[in-house]
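# Close look at the chain arrangement
Residues per chain, in single letters:
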Amino acid sequence: MDRPQVPGATTPASINILETATAAVQPFGPIHKIHQHLCAFHFYGSDISRQIEAHHYCGHQNEEMRQCLIYDSPESDGRLIGVEYIISENLFLGLDDEEKRLWHSHEFEVKSGVLFMPGVPGPIQRQDLEKVAKTYGKTFHFWQVDKGDALPLGLPQLMLSVTRAGQLYEGLVRDVEKRYGVCFEEERKKREYMEGPELGVHPMADGAGKGLKTVVREVNCKPLDTVPRVFV
């Protein structure tokens, strides 16, 4: 599908010069913590037929949590379409059951070979992906690029990941394999030794086996004078 042109005037050269100058003096600390590019597939929590190629740019908060910006492409004009948080099994088990439903497992996604690091040799990838296979992720997409939207329209939607064979469209898989020179089946065989969460994939993860969709619900909004004021 052709990517629609984002509406708006072309950025003038004066702004590009200004951005170059500010980039030279501002630290951009959180962005510089990004150290990893992962390519994977997401599908909408309410519709498995809507499948997205998702490029994750991730940084560690600590050993048990990572946070990722998600783009639809690794190119310089890639569109920021969502975010993903990745946590350890230990942190996941501390969540209540309703919250657990919002998180997806990574074991099958990693062991099947469809989650990979473009351009990184397999042996180096597998050192980190051994850890990722044991984790859980929570992902929201803000831009429904599969619909051809030129802007991020509608509500953020919960996304899930691949949990069993046969879920992904064959054409989508082959297209990604061709563009990045990878073979998921060969990589799957090399990852057979990997293990998922120590206690197995939790039954409440992955939407607890049911579809999940973000919707708007009207509620009564408390007026400002009913909210306690705190002075410090």
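Being a predicted model, the structure only gives us computed values, none of them experimental.

Within the largest apolar cluster, twelve residues are counted, these being L38, A40, C58, C68, I86, V110, L115, M117, L129, V132, A133 and M194. Contributions of two or more residues to this core are made by strand 1 (36-44) and helix 6 (122-132). Apart from the residues lying within four places of it in its own chain, the contact partners of L38 are A54, H55, H56, C58, L115, F116, M117, P118 and L129. By size, the runner-up hydrophobic cluster in this structure holds ten residues, among which are V114, L172, V176 and F184.

Turning next to the packing of aromatic side chains. Enumeration over the complete set of coordinates arrives at five aromatic pairs. Ring geometry for F92 versus Y136: centroids 3.7 Å apart, planes at 10 degrees, classification stacked. Residue F92 is located in helix 3 (residues 89-93), and its partner Y136 is located in strand 6 (residues 136-141); the two are separated by 44 residues in the primary sequence. Here F92 falls in the buried class, since its relative accessible area comes to 0%. You can call Y136 buried: its relative accessible area is 1%. Measuring from centroid to centroid gives 5.7 Å for F116 and Y180, while their planes differ by 65 degrees, and the two rings are edge-to-face. In this pair, F116 sits in the loop between helix 5 (107-111) and helix 6 while Y180 sits in helix 7 (residues 170-180), placing the two residues 64 residues apart along the sequence. Three or more aromatic residues joined by ring pairs form one cluster here, namely F41, F116, Y180 and F184. Sitting over the face of the ring of F92, K100 holds its NZ or CZ atom 5.9 Å from the ring centroid.

So, on to the side chain of K138. One can find K138 in strand 6. Excluding residues that lie within four positions of it along the chain, K138 makes contacts with V83, E84, Y85, E99, L102, W103 and H104.

Moving on: the pairing of strand 7 (residues 157-160). What you see with strand 7 is no split at all: Q157 and M159 on one side and L158 and L160 on the other are buried throughout. With two bridges connecting them, strand 1 and strand 7 associate as antiparallel partners. Across the sheet, the residue bridging to F43 is L160, located in strand 7. Across three bridges, the pairing between strand 6 and strand 7 is antiparallel. Bridge pairing in strand 7 places F140 opposite L158.

Between two cysteines, a covalent bond joining their sulfur atoms is known as a disulfide. Within this structure, the stated rule accounts for one disulfide. Between the sulfur of C58 and that of C68 lies a disulfide, 2.1 Å long from S to S. Because the torsion about its S-S bond is 105 degrees, the bridge between C58 and C68 counts as right-handed. Within this pair, whereas C58 is found in strand 2 (residues 47-62), its partner C68 is found in strand 3 (residues 65-71), the two being separated by ten residues in sequence. Here the two residues C58 and C68 agree in accessibility, since each one is buried.

With that out of the way, let us pick up helix 7. Buried residues of helix 7: L172, V173, V176 and E177, and no others. Buried residues along helix 7 cover an arc of 130 degrees about the axis, so they all sit on one side. When the buried face of helix 7 is taken as reference, the exposed residues oriented beyond 90 degrees from it are G171 and K178. Each element contacted by the buried residues of helix 7 is listed here: strand 1, strand 2 and helix 8 (184-190). Downstream of helix 7 by a residue or two, G181 has a phi angle that is positive, lying close to 65 degrees.

Basis of the calculations
- Residues numbered from 1 in each chain as written.
- Predicted model: local features only at pLDDT ≥ 70, side-chain atom pairs only at ≥ 80, totals over all residues.
- Heavy atoms only, no water.
- Core = buried A, V, L, I, M, F, W, Y, C linked by side-chain atoms within 4.5 Å.
- Buried < 20%, exposed > 50% of the residue type's maximum accessible area, 1.4 Å probe, protein only.
- Helix = DSSP H or I, 4+ residues; strand = E, 2+ residues; numbered from the N terminus.
- Contact = heavy atoms within 4.5 Å.
- Phe/Tyr/Trp six-rings, centres within 6.5 Å; stacked < 30°, edge-to-face > 60°.
- Lys NZ or Arg CZ within 6 Å of the ring centre and 35° of its normal.
- Pairing = 2+ DSSP bridges.
- Disulfide = S-S within 2.5 Å.
- Arc of directions from axis to C-beta.

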